[in-house]
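Listed below, chain by chain, are the residues.
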Amino acid sequence: MFWNKISGVYDFVENIFNGKVNKEITQYVASLTDGNDDVLECACGTGMFSLPIARRCRSLIATDFAVGMLAQAQKKCRHQPNVIFKKADITSLDYADESFDKVVAANVIHLLDDPRKAMDELWRVCRRGGVIIIPTYINKSSKSASLAAKFFNMLGAGFKREFDEESYHEFFKQMGYAVSEYHTADGRMPCCAAIIRKMK
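Residues numbered from 1 in each chain as written. Predicted model: local features only at pLDDT ≥ 70, side-chain atom pairs only at ≥ 80, totals over all residues. Heavy atoms only, no water.

### Regarding the layout of surface pockets
Approximately 240 Å³ is the volume attributed to the second largest pocket. For the second largest pocket, the lining is made up of 14 residues, of which Asn15, Thr26, Met48, Pro52 and Lys76 are closest to its centre. Secondary-structure elements contributing two or more residues to the lining of the second largest pocket are α2 (10-31) and α3 (50-54). A total of eight residues in the lining of the second largest pocket trace back to one element, the largest contributor, which is α2. Among the residues making up the lining of the second largest pocket, the classes are represented as three nonpolar, six polar and five charged. (1 Å grid on protein atoms, 1.4 Å probe; cavity = no way out; pocket = protein on both sides within 12 Å on 5 of 7 lines; lining within 4 Å. Points joined across faces, edges and corners; volume = space filled by probe spheres on them. Helix = DSSP H or I, 4+ residues; strand = E, 2+ residues; numbered from the N terminus. Nonpolar A, V, L, I, M, F, W, Y, C, P; charged D, E, K, R; others polar.)

### So, the nonpolar core
General note: in soluble globular proteins, nonpolar side chains tend to be found buried as a group. Counting residues in each nonpolar core, the largest one holds 30 residues, and the members touching the most others are Ile25, Val29, Phe49, Ile53, Leu60 and Phe85. The element that contributes the greatest number of residues to this core is α2, accounting for five residues. Discounting chain neighbours no more than four positions away, the residues touching Val29 are Phe49, Ile53, Val104, Ile133 and Pro135. Counting 29 residues, the second largest nonpolar core, distinct from the first, contains Val103, Val125, Ile132 and Phe163. (Core = buried A, V, L, I, M, F, W, Y, C linked by side-chain atoms within 4.5 Å. Buried < 20%, exposed > 50% of the residue type's maximum accessible area, 1.4 Å probe, protein only. Contact = heavy atoms within 4.5 Å.)

### So, the packing of helix α5 (residues 115-125) against helix α7 (residues 165-175)
Running from N to C, α5 and α7 point in directions that differ by 75°, and their axes come no closer than 11 Å. Here α5 is positioned roughly perpendicular relative to α7, judged by the angle of their axes. Here α5 contributes Pro115, Arg116 and Met119 to the contact with α7, which in turn contributes Phe171, Phe172, Gln174 and Met175. Across the contact of α5 with α7, the residue classes tally to five nonpolar, one polar and one charged. (Axes fitted to C-alpha atoms, helices over the stretch in contact; angles between N-to-C directions. Parallel < 35°, antiparallel > 145°, perpendicular 65-115°, else oblique.)

### Considerations on the sheet that holds strand β5 (residues 126-137)
With respect to topology, seven strands assemble into an open sheet ordered β3-β2-β1-β4-β5-β7-β6, the strand pairing being mixed. One side of each edge strand has no neighbouring strand; the edge strands of this open sheet are β3 (83-87) and β6 (181-185). Geometrically, the sheet is characterised by an average inter-axis angle of 15° between neighbouring strands, direction not taken into account. Where strand β1 (residues 38-42) and strand β4 (residues 100-105) come together, four bridges link them in parallel fashion. Looking at β4, one finds that Glu41 is bridged to Val104. Across the sheet, helix α4 (residues 67-76) is in contact with β2 (59-64) and β3; its angle to β3 comes to roughly 170°. Sitting on the sheet, α5 touches β1, β4, β5 and β7 (191-197), and the angle it makes with β5 is about 145°. (Pairing = 2+ DSSP bridges.)

### Topic: the packing of aromatic side chains
This structure, assessed with the given rule, holds eight aromatic pairs. Between Phe163 and Tyr168 the ring centres are 5.1 Å apart and the planes differ by 65°, which places this aromatic pair in the edge-to-face class. The same class applies to Phe163 and to Tyr168, which are both buried. Measuring from centroid to centroid gives 4.9 Å for Tyr168 and Phe172, while their planes differ by 75°, and the two rings are edge-to-face. A residue pair is termed a helical-turn pair when its members lie 3 or 4 positions apart in one helix, as Tyr168 and Phe172 do in helix α7 at four residues. Three or more aromatic residues link up through ring pairs in this structure, and these residues are Phe163, Tyr168, Phe171, Phe172 and Tyr182. Across the ring face of Phe65, the terminal group of Lys87 is positioned such that the distance to the ring centre comes to 5.1 Å. (Phe/Tyr/Trp six-rings, centres within 6.5 Å; stacked < 30°, edge-to-face > 60°. Lys NZ or Arg CZ within 6 Å of the ring centre and 35° of its normal.)

Structural data, given as structure tokens:
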């Protein structure tokens, strides 16, 4: 699997190419959590979001489909006793309805064959009054970002779609989810976080 193969160098490439954006967006997402939150993170990758979230929340279950990525994330969060790592499929989560206060799925929607199924699962496991947070790279509007996406695709990343801000907003409308807020970190490959609140 592509993501297992690159797990050992993923952070290095990400930080060299897009470190400023990654720092801003991870800090923003972490700021949406607090010490009372039980958080589920899907597609945690190497733990770029996991560590800042874990430092703020009560508990974090960080999941990914790629065991290589999970291994890197575990190393990064080895001093965080409130984190559990598990292999999981975002389109079929093994958790009861309304189990988590915050649900995070970063940089994965564009990779999925069936994003609607994933969205429905994220909604299902989020508690009423909770928040679903979906940061995604916006690479259609940036030449350097688009080239980077094409490069990763040639290596085997398997992107199913690319977004600019307009098409990202339209994606959620078509899925039937009302986004209450968007936050974009600008840079070489901008990242836009969609915030969906599950009303009580």
